[in-house]
Amino acid sequence: MPGNLLQQALEEIQKADTTTALKDVEVKYMGRSGQITELLKTLKDLSPEEKRSKGQEIQTLKTGFTEAYSTRERYLQKAEIDAKLKAEFFDITLNEINPTRSLQAGTIHPLSRMQREVEQLFAEMGFQIADGPEVESEYYNFEALNIPSHHPARDMQDTFFLDHPKDEKHGHLLLRTHTSPVQIRMMEKHGAPLRIIIPGRVFRYEATDATHDSTFNQIEGLFIDKGIGLAQLKGVMNEFLQRFFGESDIKVRFRPGYFPFVEPGIEMDMLWKRGNHSKWLEVVGAGMIHPNVLKAGGLDPDQYQGWAFGFGLTRMAMLKYGIDDIRHLHSNDLRFLNQF
Ligand code: FA5
């Protein structure tokens with residue numbers, strides 16, 4: 001009976017829960033010797049009238065089957081794709097759940113952290129923060145700082161020169177050997193009074209060892225106003241060191257130092273403890289700004305005085321964290337960096 005047959009086929013189509021099972025139902029009814037196919041084969045033995053009525057019945061059966069089949073097929077295909085996608089879902093919480101895989105979060109480099117700390121301390125003392133270019137001219141790095149060419153003081157800071165044509169006014173380009181050239185740039189730009197610090201990287205063409213690197217960080221300080229003296233410089237430096245190193249028993253010594261851009265000049269050393277023995281480590285150069293430097297910055301030395309200092313930030317990091325070789329700080333060695 002075609003009506004019963006359709007009923008039975010539709011039930012089987014609904015029951016098929018995979019596309020493979022559905023395919024089996026299709027074979028069972030519509031395959032080469034499927035039940036509907038077999039019914040069609042019987043048509044040829046019937047009389048023309050019977051053929052017409054039976055033919056129509058079988059045709060309705062076939063259409064009913066095909067429609068139900070395609071609807072079910074589309075449904076099952078979609079369900080199978082959805083299941084597949086669900087299985088491919090990327091679980092972003094996996095790293096937290098799985099204790100064998102830890103997430104490596106980056107941290108701030110000890111030098112950057114120290115620089116921020118120093119900036120904060122000076123900001124609290126009323127200093128502004130500025131910066132200047134790492135590629136400088138001979139003029140700003142030396143000339144304007146009272147170090148003319150052929151002055152022996154140029155040899156105090158061995159220099160990386162850039163392969164670049166010489167400029168008439170500013171001379172060769174170079175990698176700045178200290179942060180002091182920014183003193184001139186600040187005077188030119190802002191005039192006086194000034195109270196700023198200038199952190200930055202500096203470069204020297206010199207052999208490295210445990211306390212010397214060819215790239216290191218300095219913090220320049222600049223204070224220009226009327227009636228300024230060395231006493232304030234010492235006061236600010238002491239205050240800064242006390243805040244920076246906290247209550248720890250730091251030992252410092254001041255001594256006269258020579259820099260062409262200050263007069264008088266001083267240097268300060270700090271006691272660096274390495275195991276059983278300790279050694280004085282030069283940490284900062286400073287002094288009263290030379291009148292020629294004020295003039296180069298466009299200021300009148302009869303009206304304004306000032307002092308400046310240049311801290312070796314990298315050396316201070318060695319003292320603060322007990323680092324025994326300055327080169328660790330630029331090694332990018334995670335065994336070293338992970339300690340901070
Ligand atoms: C200067 O660079 C002067 N511009 C400092 C200054 C500024 C003096 C303002 C007066 C007024 P000096 O070459 O000494 O000076 O370097 C300053 C500090 O940088 C040193 O005290 C030391 O702490 C650090 N330093 C110098 N050379 C190196 C190096 N190769 N590696 C690491 N730190 C260094």
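Okay, so let's go over this structure. (Residues numbered from 1 in each chain as written. Predicted model: local features only at pLDDT ≥ 70, side-chain atom pairs only at ≥ 80, totals over all residues. Heavy atoms only, no water.)

## A word on the pattern of salt bridges
Part 1 of the reasoning: Tallying each qualifying case throughout the model produces 16 salt bridges.
Part 2 of the reasoning: Close ionic contact of Glu239 with Arg243 constitutes a salt bridge, the shortest N to O distance being 2.9 Å. Separated by four residues within a single helix, Glu239 and Arg243 lie in helix α9 (residues 230-245), roughly one turn from each other.
Part 3 of the reasoning: Connected through shared salt-bridge partners, Arg253, Arg255, Glu267, Asp269 and Glu282 make up one network. (Salt bridge = Lys/Arg side-chain N within 4 Å of Asp/Glu carboxyl O. Helix = DSSP H or I, 4+ residues; strand = E, 2+ residues; numbered from the N terminus.)

## Points about the sheet that holds strand β7 (residues 262-274)
The strands that make up a sheet pair up through hydrogen bonds in the backbone, lying either parallel or antiparallel.
Part 1 of the reasoning: The strand order across the open sheet built from seven strands is β1-β4-β5-β9-β8-β7-β6, with neighbouring strands paired in mixed fashion. For this open sheet the edge positions go to β1 (128-129) and β6 (252-256), each flanked by a neighbour on one side alone.
Part 2 of the reasoning: In the sheet, strand β5 (residues 215-225) pairs with strand β9 (residues 305-312) via eight bridges, with the strands oriented antiparallel. Within β9, the position partnered with Glu220 by the bridge is Gly310.
Part 3 of the reasoning: Along the sheet, helix α6 (residues 110-124) contacts β1, β4 (194-203), β5 and β9; its crossing angle with β4, the most-contacted strand, is approximately 170°.
Part 4 of the reasoning: α9 contacts β6, β7, β8 (277-289) and β9 of the sheet and is inclined by roughly 30° relative to β9. (Pairing = 2+ DSSP bridges. Contact = heavy atoms within 4.5 Å. Axes fitted to C-alpha atoms, helices over the stretch in contact; angles between N-to-C directions.)

## Comments concerning helix α11 (residues 313-321)
Since the α-helix packs 3.6 residues into each turn, any two residues three or four apart lie on the same face.
Part 1 of the reasoning: Where burial is concerned, most of α11 is hidden: seven out of the nine residues are buried.
Part 2 of the reasoning: By the burial criterion, the buried members of α11 are Leu313, Thr314, Arg315, Met316, Ala317, Met318 and Leu319.
Part 3 of the reasoning: Next to the buried residues of α11 lie α6, β5, α9, β7, β8 and β9. (Buried < 20%, exposed > 50% of the residue type's maximum accessible area, 1.4 Å probe, protein only.)

## Let's talk about the site of the ligand
Part 1 of the reasoning: The environment of the ligand is made up of 26 residues, and the closest members are His178, Ser180, Arg204, Asp213 and Glu282.
Part 2 of the reasoning: Between the ligand and Arg204 there is a distance of 2.8 Å, counted from an oxygen atom to a side-chain nitrogen or oxygen.
Part 3 of the reasoning: Mapped by element, the contributors of at least two residues to the shell around the ligand are β5, β8 and β9.
Part 4 of the reasoning: In terms of residue class, the shell around the ligand is built from 10 nonpolar, 10 polar and six charged. (Near = heavy atom within 4 Å. Polar contact = N/O pair within 3.5 Å; in protein donor to acceptor, adjacent residues only side chain to side chain. Nonpolar A, V, L, I, M, F, W, Y, C, P; charged D, E, K, R; others polar.)

## Remarks on the packing of aromatic side chains
Part 1 of the reasoning: Per the counting criterion, the structure on display carries 18 aromatic pairs.
Part 2 of the reasoning: When the centroid spacing of 5.1 Å and the interplanar angle of 70° are considered together, the rings of Phe240 and Phe311 count as edge-to-face. With Phe240 in helix α9 and Phe311 in strand β9, this residue pair connects regions lying 71 residues apart in the sequence. This pair shows no difference in class: Phe240 is buried, exactly as Phe311 is.
Part 3 of the reasoning: Aromatic side chains Phe244 and Phe245 sit 4.9 Å apart centroid to centroid with 85° between the ring planes, which places their arrangement in the edge-to-face category.
Part 4 of the reasoning: A relative accessible area of 3% means that Phe244 is categorised as buried.
Part 5 of the reasoning: Joined through ring pairs, the aromatic side chains of Phe122, Phe127, Phe223, Phe240, Phe244, Phe245, Trp307, Phe309 and Phe311 make up one cluster.
Part 6 of the reasoning: Across the ring face of Tyr140, the terminal group of Arg185 is positioned such that the distance to the ring centre comes to 4.0 Å.
Part 7 of the reasoning: Its end group placed over the ring of Phe254, Lys234 keeps NZ or CZ at 5.0 Å from the ring centre. (Phe/Tyr/Trp six-rings, centres within 6.5 Å; stacked < 30°, edge-to-face > 60°. Lys NZ or Arg CZ within 6 Å of the ring centre and 35° of its normal.)

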